[in-house]
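# Structural description and commentary
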Amino acid sequence: MQIIKREEYLKKIRPYYEIDDLIKVISGVRRCGKSTLLGQIKEEIKEKGVRDDHIIEINFEDYGYEKIRSADKMYKYIKSRILDDDKYYIFIDEIQHVRGFEKVINSFRATTNCSIFVTGSNSKLLSGKLGSLLVGRCIEFKINPFSFKEAYNYQLESGNNVSPYDYIEDYLTYGGFPERFKFKGENEVKEYLKQTYEAIINRDIIGEKSKINKQQFLNISSYILKNSGELFSPDSIMRYFERENNKFIERSTIYSYLDKMEEACLINRVKRYDIKGKKLMRYIEKDYVTDLGLKRINTDSLEIGKSYYLESAIYNELINRGYTVYVGKTYKGEIDFVVTSLDKKCYIQVSYLLASEEIIEREYSAFKSIKDACPKFVLSLDRLDFSYNGIKHINIVDFLLGKVDIYLS
């Protein structure tokens, strides 16, 4: 399989390669490419002249390291590999499998001449013991599956000279899990995505000692992924579950399952921003799936709500670029995204195609009640420029490729 150098992430991490006092934490959904990225970091470090015997690697997805899956044994293994006072580089993949790992890596950070990199398939890796033990001593880099630009570059490097304006449909359908590009046929790709989804559920959410009702969780998570990008309603989930299974489900159970899905990096939950009151509201408005392939295998047809697929792609791209993103609440309706960075912001509407005057009026009129002068954008797949009245129109493919960009003020 062709290896894509994940330059957008590498350029963020490179400044920290030699910083001993900061543990580099790489988190993201299972199979999004964390291990490959870790390998690319290792190769760049080796290119600087670092010897192999000063690089310590542990992959806890590899059965060969099963015997050191405890804090004490992991500590002893790493300690046995450090034979002098020169600098060592420690790479630990899927560290969440080791209970008590926080004290081990903190010990090496504090006492050893080393630079530490760890990965984990858990969005809360820094919100528990690791975060409290290492306040100010670790930095997190959140990794997603291939962006549209990465997926399209993979096609080009594989000799497929498809137009990006045509390829967008494939990306919206099957997403960007790197290994899915090994498969060519639709059935093979969908089977891979199903196996990936099952692996996330079985390894990162429902373990052997879990008390979660697996079938109930699968039913609810499937519904949430299928409706990703739509307005969130726990009541609609409750009605769906009762209709499909003839059973009542507690609201608290739904929120618990959402927490589990977010922790496993399956979804991102997005809060609502009151544009008129200029304040963040307490409740969650929408959730967006981390990879569109997971939405696809839980949906009967891509034709249903194409804009929701595009919204997810745009949301993930904005997060990748370092923005903070909310759903906007106006006096009479909503804005798809309020995008912020420091004290600046802009507003974005996402549409599949501006195919009629009615659709154009609907998308552009959403901004009417916004009185501030922050930039306003409509993103769609149209290749004609529909900018007017101070509202900028951007082609989605051009935006995802980085040919054009939004700006904040």
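Heads up: the structure comes first, above all this text.
Report follows, based on the coordinates.

Definitions and cut-offs
Residues numbered from 1 in each chain as written. Predicted model: local features only at pLDDT ≥ 70, side-chain atom pairs only at ≥ 80, totals over all residues. Heavy atoms only, no water. Helix = DSSP H or I, 4+ residues; strand = E, 2+ residues; numbered from the N terminus. Polar contact = N/O pair within 3.5 Å; in protein donor to acceptor, adjacent residues only side chain to side chain. Core = buried A, V, L, I, M, F, W, Y, C linked by side-chain atoms within 4.5 Å. Buried < 20%, exposed > 50% of the residue type's maximum accessible area, 1.4 Å probe, protein only. Expected span 1.5 Å × (residues − 1). Phe/Tyr/Trp six-rings, centres within 6.5 Å; stacked < 30°, edge-to-face > 60°. Salt bridge = Lys/Arg side-chain N within 4 Å of Asp/Glu carboxyl O. Axes fitted to C-alpha atoms, helices over the stretch in contact; angles between N-to-C directions. Parallel < 35°, antiparallel > 145°, perpendicular 65-115°, else oblique. Left-handed = near helix turned anticlockwise from the far one by under 90°. Contact = heavy atoms within 4.5 Å. Nonpolar A, V, L, I, M, F, W, Y, C, P; charged D, E, K, R; others polar.

## Focus on the side chain of Arg 109
Position of Arg 109 relative to the elements: it lies in helix H4 (residues 101-111). A polar side-chain atom of Arg 109 sits 2.5 Å from a polar atom in the side chain of Asp 21.

## Side note on the nonpolar core
Ile 41, Leu 318, Phe 337, Ile 348 and Ile 406 are the most contacted members of the largest nonpolar core, which has 91 residues in total. It is helix H8 (residues 186-205) that provides the largest number of residues to this core, a total of seven residues.

## Here's the deal with helix H9 (residues 214-226)
Between its first and last C-alpha, H9 extends 18 Å over 13 residues, near the 18 Å set by a 1.5 Å rise per residue. All buried positions along H9 are accounted for by Gln 216, Phe 217, Asn 219, Ile 220, Ser 221, Tyr 223, Ile 224 and Leu 225. Residue Asn 213 occupies the N-cap position of H9, its side-chain oxygen lying 3.2 Å from the main-chain nitrogen of Gln 215.

## Comments concerning the packing of aromatic side chains
Using the criterion set out here, one finds 21 aromatic pairs in the structure. Ring centres of Phe 232 and Tyr 255 lie 5.9 Å apart, and the angle between their planes is 70°; this geometry places the pair in the edge-to-face category. Of the two residues, Phe 232 is situated in the loop between H9 and helix H10 (234-245) and Tyr 255 in helix H11 (residues 251-263); the sequence distance between them amounts to 23 residues. Consider the rings of Phe 377 and Tyr 407, whose centres lie 5.1 Å apart with planes at 85°: the pair is edge-to-face.

## Section: the pattern of salt bridges
Within the structure shown, the criterion is met by 30 salt bridges. Ionic pairing is found between Glu 61 and Arg 203, a salt bridge with its closest N-O pair at 3.1 Å. Taken as a pair, Glu 61 in the loop between strand E2 (55-59) and helix H3 (71-81) and Arg 203 in helix H8 lie far apart in primary sequence, 142 residues in all. When its relative accessible area of 33% is taken as the criterion, Glu 61 is described as partly exposed. One salt bridge in this structure joins Asp 170 and Arg 180, with 2.8 Å as the shortest N-O distance. On the criterion of sequence distance, the pair formed by Asp 170 in helix H7 (residues 164-174) and Arg 180 in the loop between H7 and H8 is long-range, its members being 10 residues apart. Accessibility expressed as a relative area gives 25% for Asp 170, which makes it partly exposed. A single salt-bridge network, built from bridges that share partners, covers Lys 5, Glu 7, Arg 14 and Glu 44.

## Regarding the packing of H8 against H9
With their axes 12 Å apart at the nearest point, H8 and H9 run at an angle of 125° to one another. Taken together, the axes of H8 and H9 are oblique relative to one another. As for the relative orientation of H8 and H9, their crossing is right-handed in sense. Touching Tyr 197, Ile 201, Asn 202 and Ile 205 of H8 are Lys 214, Phe 217, Leu 218, Ser 221, Ser 222 and Leu 225, all from H9. For the contact of H8 with H9, the class distribution of residues is six nonpolar, three polar and one charged.

## Section: the packing of H9 against H10
Running from N to C, H9 and H10 cross one another at 130°; their axes reach a closest spacing of 11 Å. With respect to H10, the axis of H9 lies oblique. Crossing hand, H9 versus H10: right-handed. Every residue of H10 that contacts H9 at Gln 216, Asn 219, Ile 220, Tyr 223 and Ile 224 is listed here: Ser 236, Ile 237, Tyr 240, Phe 241 and Asn 245. Looking at the contact of H9 with H10 residue by residue, the classes come out as six nonpolar, four polar and no charged.

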